[in-house]
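Structural overview
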Amino acid sequence: MSQGNINPGIASLKPYMPGKPIEELTRELGITNVIKLASNENPRGPSPATLEALQAPLRSLSRYPDGGGFLLKQALAEHLDVATSQLTLGNGSNDVLDLAARISLTPGSQAIVSAHAFVVYRLAVASCGCELVEVPARDFGADLEGFLAAVNERTAIVFLANPNNPTGTWVNETLLTDFLDRLPSRIWVVLDEAYAEYVDAPGYPDGLALQRRYPNLIVTRTFSKIYALAGLRVGYSVSTPEVADLLNRARQPFNLNSLALAGAQAALRDRDFVIQSRTLNAAGMRQLEAGLAAQGLEFIPSVGNFVTFALPAGVESKTAAAVYQKLLREGVIVRPVAEYGLTNHLRVSVGLPAENERFVDTLARVLAS
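What counts, and at which threshold
- Residues numbered from 1 in each chain as written.
- Predicted model: local features only at pLDDT ≥ 70, side-chain atom pairs only at ≥ 80, totals over all residues.
- Heavy atoms only, no water.
- Core = buried A, V, L, I, M, F, W, Y, C linked by side-chain atoms within 4.5 Å.
- Buried < 20%, exposed > 50% of the residue type's maximum accessible area, 1.4 Å probe, protein only.
- Helix = DSSP H or I, 4+ residues; strand = E, 2+ residues; numbered from the N terminus.
- Contact = heavy atoms within 4.5 Å.
- Pairing = 2+ DSSP bridges.
- Axes fitted to C-alpha atoms, helices over the stretch in contact; angles between N-to-C directions.
- Polar contact = N/O pair within 3.5 Å; in protein donor to acceptor, adjacent residues only side chain to side chain.
- Phe/Tyr/Trp six-rings, centres within 6.5 Å; stacked < 30°, edge-to-face > 60°.
- Lys NZ or Arg CZ within 6 Å of the ring centre and 35° of its normal.
- Parallel < 35°, antiparallel > 145°, perpendicular 65-115°, else oblique.
- Left-handed = near helix turned anticlockwise from the far one by under 90°.
- Nonpolar A, V, L, I, M, F, W, Y, C, P; charged D, E, K, R; others polar.

Description of the nonpolar core
Nonpolar side chains tend toward joint burial in soluble globular proteins. Among the nonpolar cores identified, the biggest contains 49 residues, and Leu-72, Leu-76, Phe-179 and Phe-223 are the most heavily contacted of them. Per-element accounting of this core gives the leading share, 5 residues, to helix α12 (residues 258-269). When sequence neighbours within four positions are dropped, the list of residues in contact with Phe-223 reads Leu-72, Leu-76, Ala-228, Leu-229, Ala-230, Val-234, Tyr-236, Ala-264, Ala-267 and Leu-268. Within the second largest apolar cluster, 29 residues are counted, among which are Ala-38, Leu-292, Leu-327 and Leu-367.

A few points about the sheet that holds strand β6 (residues 188-192)
Reading across from one edge, β2-β8-β7-β6-β5-β3-β4 is the order of the 7 strands in this open sheet, with mixed pairing throughout. The open sheet has two edge strands with one neighbour each: β2 (87-90) and β4 (131-135). Taken over all neighbouring pairs, the strand axes of this sheet differ in orientation by 20 degrees on average, direction set aside. Alignment of strand β3 (residues 110-114) against strand β5 (residues 155-161), held across 3 bridges, turns out to be parallel. Within the sheet, the bridge partner assigned to Ala-111 lies in β5 and is Ile-157. In the packing of helix α7 (residues 119-127) onto the sheet, contacts are made with β3, β4, β5 and β6, and the angle to β4 comes to roughly 150 degrees.

Things to note about the environment of Glu-131
Mapped onto the elements of the fold, Glu-131 is located in strand β4. Taking the relative accessible area as the measure of exposure, Glu-131 reaches 37% and is therefore partly exposed. Each C-alpha atom of the pair Glu-131 and Leu-229 lies 33 Å from the other, and the pair is 98 residues apart in sequence. Leaving out residues up to four positions away in the same chain, Glu-131 has contacts with Ser-109, Gln-110, Ala-111, Val-125 and Arg-154. A distance of 2.9 Å separates polar atoms of two side chains, one belonging to Glu-131 and the other to Gln-110.

Considerations on the packing of aromatic side chains
Per the counting criterion, the structure on display carries 9 aromatic pairs. Ring centres of Phe-118 and Tyr-121 lie 5.8 Å apart, and the angle between their planes is 85 degrees; this geometry places the pair in the edge-to-face category. Judged by relative accessible area, which is 17%, Phe-118 ranks as buried. Judged by its relative accessible area of 1%, Tyr-121 is buried. Each member of the aromatic cluster is reached from another via a ring pair, and the members are Phe-118, Tyr-121 and Phe-159. If you follow Arg-347 out to its NZ or CZ, it ends over the ring of Phe-306, 5.8 Å from the centre.

Notes on the packing of helix α6 (residues 93-104) against α7
Where α6 meets α7, the closest approach of the two axes is 9 Å, and the angle between their N-to-C directions is 40 degrees. Between α6 and α7, the angle falls in the class oblique. Judged by the sense of rotation from one axis to the other, the crossing of α6 with α7 is right-handed. Contact residues: α6 offers Asn-94, Leu-97, Asp-98 and Ala-101, while α7 offers Val-120, Tyr-121 and Ala-124. Here the residues of the contact of α6 with α7 are counted per class, giving 5 nonpolar, 1 polar and 1 charged.

Dropping the structure here:
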């Protein structure tokens, strides 16, 4: 059968593979009492105040949402101390990442990313039919000197996650500022701060403060992580008004639904929920790291809400793929990260204390079998 012309960038892509849903594992193996520690979600679920705020828009679902997100932009502007004209709303922050690629990449241009970087960068660049330059990682994190060495006249945009998913590594303010000072100002820099609210590390840079100094900087954030709204898909970027205007020209109409807009506004107001979630995450991270260390497993120190760990090398029954499948059969879902170049690692998200304990105990049992 004949078919029309196909964008070669799209034809070569592999679809994004999310963490396995609980419902899918139940269907496949008939397992109940499943815990999912695969997608870096807030294990607490949305705050009660957010759930309450979702009731009102249910009565007007026959109406289109506010296409400009006026109230959410007003709330974000006040919360972040930025102008509403600097904001672009997205259907998750990956929507804004895609928009940034679309406004900056033209035929023949290039984008730079780090090895082990969020796979959506690759998808966005390939969808534009452009070349992705992957810089080897340094200690599992971004090598900014390597980024600078990779720059040429075709470089249009750089994607940098801080902290990075799936490694949890981060770049400090000194290194990032030096990089921005030395990078040609014609090159866009997307600073992906999806996990910024979890970070408690001296020297971690404030992307919004840097954005005021560097007009080529686009900072992206999300409500999917600490705000516990992954199912509603709300993200945003902060940039200069001129860049936000370009992003909003490329943005699809009504890309945020009414429930997403209302839920995000309520979540932003609930500061106590964010503080409590950060505290719970810090304790959970200590619990996971202690459990992995007790089993002699190496892990990548993380400042996010997840940790990536290595499996024993050279043991066929204990490869990442084998252990992942064995954990699934025990009702524990974690995340394989082979597509990120980490073929013998798995990533586990911080869960509730009982979930963390179950993962650690189950992993020990699987590795001993």
